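# Working through the structure, step by step
Chain by chain, the residues run as shown.
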Amino acid sequence: MRRDMRHTSIMGVLNVTPDSFSDGGRWTDPEAAVAHARTLLAQGADLVDVGGESTRPGSTRPSEQEELERVLPVVSALAAEGCAVSIDTMRAPVAEAALQAGAVLVNDVSGGLGDPAMGELVAATGARYVVMHWRGLLSDPAARHHYDDVVQEVCRELGDRVEALLGQGVRQEQLVLDPGFGFSKDAAHNWQLLAGLDRVVALGLPVLVGTSRKRFLGRLAPQAHQAPEGEPSPPADRDAATAATSLLAAQAGAWAVRVHEVPPTRDALVVWRMTQEADDAR
Ligand code: PMM
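What you see is a predicted model; the values in this text were computed from it and never measured. (Residues numbered from 1 in each chain as written. Predicted model: local features only at pLDDT ≥ 70, side-chain atom pairs only at ≥ 80, totals over all residues. Heavy atoms only, no water.)

Evaluation of the coordinates by the stated rule reveals 14 salt bridges. Across the salt bridge formed by Glu-66 and Arg-70, the nearest N and O atoms sit 3.9 Å from each other. Linking Glu-66 with Arg-70, this pair stays in helix α2 (residues 64-80), spanning 4 residues, or about one helical turn. On the basis of relative accessible area, Arg-70 is assigned to the partly exposed category, the value being 22%. (Salt bridge = Lys/Arg side-chain N within 4 Å of Asp/Glu carboxyl O. Helix = DSSP H or I, 4+ residues; strand = E, 2+ residues; numbered from the N terminus. Buried < 20%, exposed > 50% of the residue type's maximum accessible area, 1.4 Å probe, protein only.)

Here is the structure:
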């Protein structure tokens, strides 16, 4: 079955953190961050995802105050310019302050597990809410990376989160699902998820896909880059592979793709749209 992906949106990544794996430390100055967001939008991003906490393994959590100080000036400045801003946070108070400052979407990589107050806040504000799949907060570390069927289990666990959120008063129209590429998943799991994305889409809610520059895209042609043997290519060399995954995501019916570098993904999505339109006209 062919799907219409003409409206697959692009979410540009803006990490105002010192330690994110790809752009950590680049946009910690609010003015530089706002300027970068303007670039992302001019290049074709539909919204900008501002994050003040890195989820990179081993990174130390900022305090809530630190996170607020990182994100709020940037969210306020961008919202004042009319930009659609998403706030990438696991903390309800940060989400609340960002929404008050003009953000339109809460992107929560913990799917509501990181802060028990998140569901209630999302219900009360009516904001759009991304529920990402991540087992990182499970108490049993051995269960985190074990899947018999990753697509099926991600779908089931996302379904459980949706049920819980609806029970807290969140409305279905607010929800966006994200299978959480790279979050308690190894490379094989990520490839299986990419191949099975249509099954996540079939759950019936909009789906956001965040593969951008992730490690599993850094091992495609080890001979073609200069990294020591066994090392993945540097994150910034993974944008062509990211664009390929954006196209596959769109083909599977994704609502949006979350990317660091907009032009390759924008062009990949235009290629798909043009071929669809040509096909429709036959
Ligand atoms: N990945 C990262 C951070 N936030 N949010 C969603 N919804 N989906 C993702 O896959 C996701 C995310 C990690 O990447 P980054 O550190 O470069 O932002």
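Further notes follow.
Looking at the largest pocket, its volume works out to about 1100 Å³. The residue inventory of the lining of the largest pocket, partitioned by class, reads 12 nonpolar, 18 polar and 13 charged. (1 Å grid on protein atoms, 1.4 Å probe; cavity = no way out; pocket = protein on both sides within 12 Å on 5 of 7 lines; lining within 4 Å. Points joined across faces, edges and corners; volume = space filled by probe spheres on them. Nonpolar A, V, L, I, M, F, W, Y, C, P; charged D, E, K, R; others polar.)

The next subject is the packing of helix α6 (residues 150-167) against helix α7 (residues 187-195). Two quantities define a packed helix pair, namely the angle between the axes and the distance from one axis to the other. Running from N to C, α6 and α7 point in directions that differ by 75°, and their axes come no closer than 9 Å. Between α6 and α7, the interaxial angle falls into the category roughly perpendicular. Contacts from Val-150, Val-151 and Val-154 in α6 reach His-189, Gln-192 and Leu-193 in α7. Here the contact of α6 with α7 is composed, by residue class, of 4 nonpolar, 2 polar and no charged. (Axes fitted to C-alpha atoms, helices over the stretch in contact; angles between N-to-C directions. Parallel < 35°, antiparallel > 145°, perpendicular 65-115°, else oblique. Contact = heavy atoms within 4.5 Å.)

Attention now moves to helix α3 (residues 92-100). Within α3, the full set of buried residues consists of Ala-92, Val-94, Ala-95, Ala-97, Ala-98 and Leu-99. Residues of α3 that are buried make contact with α2, β3 (85-88), β4 (105-108) and α4 (118-125). Note on α3: the residue one or two positions beyond its end, Gly-102, has a positive phi of about 115°.

What follows covers unusual backbone geometry. With the exception of glycine, the majority of residues adopt a negative phi angle, and the majority of peptide bonds are in the trans configuration. In this model, Ser-184 sits at a positive phi of 45°, which is unusual for a non-glycine residue. In this fold, Ser-184 is placed in the loop between β6 (175-178) and α7.

So, on to the site of the ligand. Lining the immediate surroundings of the ligand are 15 residues, of which Asn-107, Asp-178, Lys-214, Arg-258 and His-260 lie closest. One nitrogen or oxygen atom from the main chain of Gly-210 is found 3.1 Å from an oxygen atom belonging to the ligand. Between an oxygen atom of the ligand and a side-chain N or O atom of Lys-214, the distance comes to 2.7 Å. In this structure the site holding the ligand corresponds to the largest pocket. Within the residue set of the shell around the ligand, elements represented by two or more residues are β1 (9-15) and β5 (128-132). (Near = heavy atom within 4 Å. Polar contact = N/O pair within 3.5 Å; in protein donor to acceptor, adjacent residues only side chain to side chain. Sits in = over half its atoms within 2 Å of the grid points.)

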